[in-house]
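Chain residues, written in single-letter form:
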Amino acid sequence: LRAKNAVSHFSPNSALYSPDVKLDKGLYCCGDWVDRTGHASWSTEKSVVTARQAANALSADFRLANSQCDVIPAAKDTPQLTALRKSAKLLRTLLPLETLPPSPWVFAKQFLSRHV
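Below: a short report on this structure.

The rules we used
Numbering of residues begins from 1 in every chain and follows the order in which that chain's sequence is written. Per-residue local features of the predicted model are confined to residues with pLDDT of at least 70, and side-chain atom pairs are confined, for both listing and counting, to 80 or more; whole-chain, interface and lining totals are unaffected and use all residues. The basis for the side-chain values is all heavy atoms of the structure; hydrogens and waters are excluded. Put simply, DSSP marks the helices as runs of H or I at least four residues long and the strands as runs of E at least two long, and each gets a number from the N terminus on. We call a residue buried when its accessible area falls under 20% of the maximum for its residue type, exposed when it is over 50%, and partly exposed in between, using a 1.4 Å probe and counting protein chains only. Contact between two residues is taken to exist if any of their heavy atoms lie within 4.5 Å; hydrogens are not considered. Note on areas: Shrake-Rupley with a 1.4 Å probe; residue coverage comes only from the protein chains shown. Throughout this description, the term nonpolar core refers to a set of buried Ala, Val, Leu, Ile, Met, Phe, Trp, Tyr and Cys residues connected via side-chain atoms within 4.5 Å. A 3.5 Å cut-off defines polar contacts: any pair of N or O atoms within that distance qualifies, except that in protein one atom must be a possible hydrogen donor and the other a possible acceptor, and neighbouring residues in sequence count only when both atoms are side-chain atoms. Residue count minus one, scaled by 1.5 Å, sets the expected span of a helix. Only residues whose relative accessible area exceeds 30% and that form no salt bridge are eligible for patches; like-charged ones are grouped when within 9 Å, while nonpolar side chains (Val, Leu, Ile, Met, Phe, Trp, Tyr) are grouped when within 5 Å. When a carboxyl oxygen of Asp or Glu is within 4 Å of a side-chain nitrogen of Lys or Arg, the pair counts as a salt bridge.

1. Examining the overall build of the protein chain
Counting its secondary structure elements, the protein chain contains three helices and two strands. Across the protein chain, helices and strands are ordered from the amino to the carboxyl terminus as β-β-α-α-α. For the protein chain, the proportion of its 116 residues judged to be buried stands at 18%. Long-range pairs, those at least 24 residues apart, make up 28% of the contacts in the protein chain between residues at least 6 apart in sequence. When the accessible surface of the protein chain is totalled, it reaches about 9,700 Å², and 61% of it is carbon and sulfur.

So, in structure tokens, the structure goes:
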């Protein structure tokens, strides 16, 4: 299912409410809103990862051989990304929540609209 001009919006800890790839034997789901079981991917990549994970679960449940739906593990965070994550976490502890933008994209849009 795809909605025109639709964008997924995630917030901290929103993955806690995401369903697993396997809901029950014979019932599987995939997409960027599905829990990817620790795989650090988003959007289209996450949809592909969860589709492959669902195919693996289906293959295991129905004893299908040679499904070849392995998922390549995501790369580890770079030192720069690790530093950025730590900085963002520190910033969230220092500033009142209501002063922070809801996402980096909202911040960039607000910042650029004031400086263009």
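Structure shown, so let's carry the discussion forward.
2. So, the nonpolar core
Counting residues in each nonpolar core, the largest one holds six residues, listed as V21, Y28, C29, V34, A54 and A57. When near neighbours in sequence (up to four residues on either side) are disregarded, A57 contacts K22 and Y28.

3. Re the side chain of D61
You can see D61 is positioned in helix α1 (residues 43-61). Of note is the side chain of D61, whose polar atom sits 2.8 Å from the side chain of K22. In contact with D61, other than residues within four places in its own chain, are K22, K25, G26 and Y28.

4. Re α1
Across its 19 residues, α1 extends 27 Å between first and last C-alpha, which sits within 8% of the 27 Å expected from 1.5 Å per residue. By the burial criterion, the buried members of α1 are K46, V49, T50, Q53, A54, A57, S59 and D61. Remark: R63 follows α1 within two positions and exhibits a positive phi of approximately 50 degrees.

5. Some points on unusual backbone geometry
Even without a glycine there, the phi angle at R63 is positive, about 50 degrees. Its location among the elements puts R63 in the loop between α1 and α2 (79-94).

6. Considerations on a nonpolar patch on the surface
A surface patch of nonpolar side chains, about 380 Å² in accessible area, is lined by L90, L91, L94 and L95. Relative to the helices and strands, L91 resides in helix α2. We classify L91 as partly exposed; its relative accessible area is 41%.

7. A few points about the pattern of salt bridges
Side-chain pairs of opposite charge can arise where the charged atoms are in close proximity. Under the definition given, this model contains two salt bridges. With a closest N to O distance of 2.8 Å, D61 and K22 form a salt bridge. With D61 in helix α1 and K22 in strand β1 (residues 22-24), the pair connects residues that are 39 residues apart, well separated along the chain. Here K22 falls in the partly exposed class, since its relative accessible area comes to 37%. Note that R85 is salt-bridged to D77, the shortest N-O span being 2.8 Å. Classification of D77 by relative accessible area gives partly exposed; the value is 37%.

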